[in-house]
Amino acid sequence: MGGPRKVASASAAASTLSEPPRRTQESGTRTRALGLPMEKSAASTEPQGPRPVLGRDSVQVPDDQDFRSFRSECEAEEGWNLTYSKAGVSVWVQAVEMDRTLHKIKCRMECRDVPAETLYDVLHDIEYRKKWDSNVIETFDIARLTVNADVGYYSWRCPKPLKNRDVITLRSWLPMGTDYIIMNYSVKHPKYPPRKDLVRAVSIQTGYLIQSTGPKSCVITYLAQVDPKGSLPKWVVNKSSQFLAPKAMKKMYKACVKYPEWKQKHQPHFKPWLHPEQSPLPSLALSELSVQHADSLENIDESAVTESREERTGGAGGEGSDDDTSLT
């Protein structure tokens, strides 16, 4: 399951990235070429803010308006509180009005010496993610939905002593000239029900906006609204925005720098996210999936859990480790 499906290593509170939108006729043509449905007037109207994916009654592949709306929110400033800004990495948080315990997190990083297309490849390359994402427990693609949408599984380690989480998500992606969007939301798959050893979280909307700033530079924005399915202690939310998210972004940057050399040794021409005909995944009908509503899952009360000494000192690998020896 490529990088963007993951609710990322520093996603939301559980374990826990400007030019105006360039949605021109070119991007609409690209959408149609990729098999995305087009709303009759969506391409010519301004988005009215993000549409809550989980408000849908059925599973749908995001359309042109969804991609526009996601980009718009990535670039928005109003209502976001800056919690971290250092060395080209910024983090904002936003409490969701309907639930003050549910936060959105947005991280942005300037990537020098990393072309936008390289970062796009890194986020898609599932085999490479297993090398650099030290929070991943297990990740795999399940099935292909369209030429630019699939469904997959991702589980990740949370700060100790919290329980680890997992998600099943529908991921879709769209190149827009020299920029890229990848986003996902949670779905239910009949063959992958919640596991007893993990808490099934819900990605309400998570994704990446990659904007090229030159031949060898780009800016990435990571936006996540995730329901971790549980009441989390305040230290988790604070640590996510002040430490985990910035550290995960920096680790991603290091992975991008090393990716071209790694890819040359590992199926250099295999990029099914760019060449759909290369995909080995079986096809799956959308009717086989259903929307994963948060209220249908068990809530875990971890609000009284205190941070472990190991987490406070940043030990034991995970996000506390900067070991990059595996990226070879």
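Residues numbered from 1 in each chain as written. Predicted model: local features only at pLDDT ≥ 70, side-chain atom pairs only at ≥ 80, totals over all residues. Heavy atoms only, no water.

1. Quick notes on the pairing of strand 4 (residues 136-146)
Here is step 1: Of the pairings in the sheet, the one linking strand 4 to strand 5 (residues 149-156) comprises eight bridges and is antiparallel in character. Bridge pairing in strand 5 places Arg 144 opposite Asp 150.
Here is step 2: Two successive antiparallel strands, strand 4 and strand 5, enclose a turn made up of two residues. (Pairing = 2+ DSSP bridges. Helix = DSSP H or I, 4+ residues; strand = E, 2+ residues; numbered from the N terminus.)

2. Digging into the packing of aromatic side chains
Here is step 1: Considering all chains together, one arrives at eight aromatic pairs under this definition.
Here is step 2: With centroids separated by 5.7 Å and ring planes inclined at 50 degrees, the aromatic side chains of Phe 140 and Tyr 192 adopt a geometry described as tilted. Of the two residues, Phe 140 sits in strand 4 while Tyr 192 sits in the loop between strand 7 (179-188) and strand 8 (199-200), which places them 52 residues apart along the sequence.
Here is step 3: Residue classification places Phe 140 among the partly exposed positions, given a relative accessible area of 23%.
Here is step 4: On the basis of relative accessibility, which here comes to 27%, the residue Tyr 192 falls in the partly exposed class.
Here is step 5: Grouping aromatic residues by their ring pairs yields a cluster made of Tyr 128, Tyr 259 and Trp 262.
Here is step 6: For the cation-ring pair, Lys 106 lies above Trp 92, with the distance from its terminal atom to the ring centre recorded as 5.7 Å. (Phe/Tyr/Trp six-rings, centres within 6.5 Å; stacked < 30°, edge-to-face > 60°. Buried < 20%, exposed > 50% of the residue type's maximum accessible area, 1.4 Å probe, protein only. Lys NZ or Arg CZ within 6 Å of the ring centre and 35° of its normal.)

3. Some points on helix 3 (residues 116-124)
Here is step 1: In terms of residue burial, helix 3 counts as a mostly covered element, since eight of its nine residues are buried.
Here is step 2: Buried within helix 3 we find Ala 116, Thr 118, Leu 119, Tyr 120, Asp 121, Val 122, Leu 123 and His 124.

4. With respect to the confidence of the model for the chain
Here is step 1: Here the chain shows a mean pLDDT of 77. Residues at 70 or above account for 67%.
Here is step 2: At the low end of the mean pLDDT range in the chain sits helix 1 (residues 25-33), at 38; at the high end sits helix 3, at 97.
Here is step 3: Under a pLDDT of 50 for its full length, residues 1-54 has, in the predicted model, 178 contacts with residues more than four places off or in other chains.
Here is step 4: Below pLDDT 50 for its whole length, residues 315-323 participates in 19 contacts with residues either more than four positions away or in separate chains. (pLDDT = per-residue confidence, 0-100. Contact = heavy atoms within 4.5 Å.)

5. Side note on the nonpolar core
Here is step 1: Counting 41 residues, the largest nonpolar core has Ile 105, Leu 119, Leu 123, Ile 210, Ile 220, Met 249 and Met 252 as its most contacted members.
Here is step 2: No other element matches helix 5 (residues 234-265), which puts seven residues into this core.
Here is step 3: Grouped together as the second largest cluster of nonpolar side chains are 16 residues, Val 59, Ile 142, Leu 145 and Val 291 included. (Core = buried A, V, L, I, M, F, W, Y, C linked by side-chain atoms within 4.5 Å.)

6. Observations concerning the pattern of salt bridges
Here is step 1: Summed over the entire model, instances satisfying the criterion amount to 13 salt bridges.
Here is step 2: Note that Arg 68 is salt-bridged to Asp 64, the shortest N-O span being 3.6 Å. Here Arg 68 pairs with Asp 64, and both are found in helix 2 (residues 64-75), just four residues apart, close to one helical turn. For the pair Arg 68 and Asp 64, one class covers both residues: buried.
Here is step 3: Ionic pairing is found between Arg 129 and Asp 133, a salt bridge with its closest N-O pair at 2.7 Å.
Here is step 4: Exposure remark for Arg 129: the relative accessible area of 0% places this residue in the buried category.
Here is step 5: Through salt bridges with shared partners, one network takes in Arg 71, Glu 75 and Asp 179. (Salt bridge = Lys/Arg side-chain N within 4 Å of Asp/Glu carboxyl O.)

7. Looking at helix 2
Here is step 1: Over its 12 residues, helix 2 extends 17 Å from the first C-alpha to the last, a length consistent with the 16 Å expected when each residue adds 1.5 Å.
Here is step 2: A large share of helix 2 lies buried, amounting to 11 of its 12 residues.
Here is step 3: If you check which residues of helix 2 are buried, you get Asp 64, Gln 65, Asp 66, Phe 67, Arg 68, Ser 69, Phe 70, Arg 71, Glu 73, Cys 74 and Glu 75.
Here is step 4: N-capping of helix 2 is provided by Asp 63, with a side-chain oxygen placed 3.1 Å from the backbone N of Gln 65. (Expected span 1.5 Å × (residues − 1). Polar contact = N/O pair within 3.5 Å; in protein donor to acceptor, adjacent residues only side chain to side chain.)

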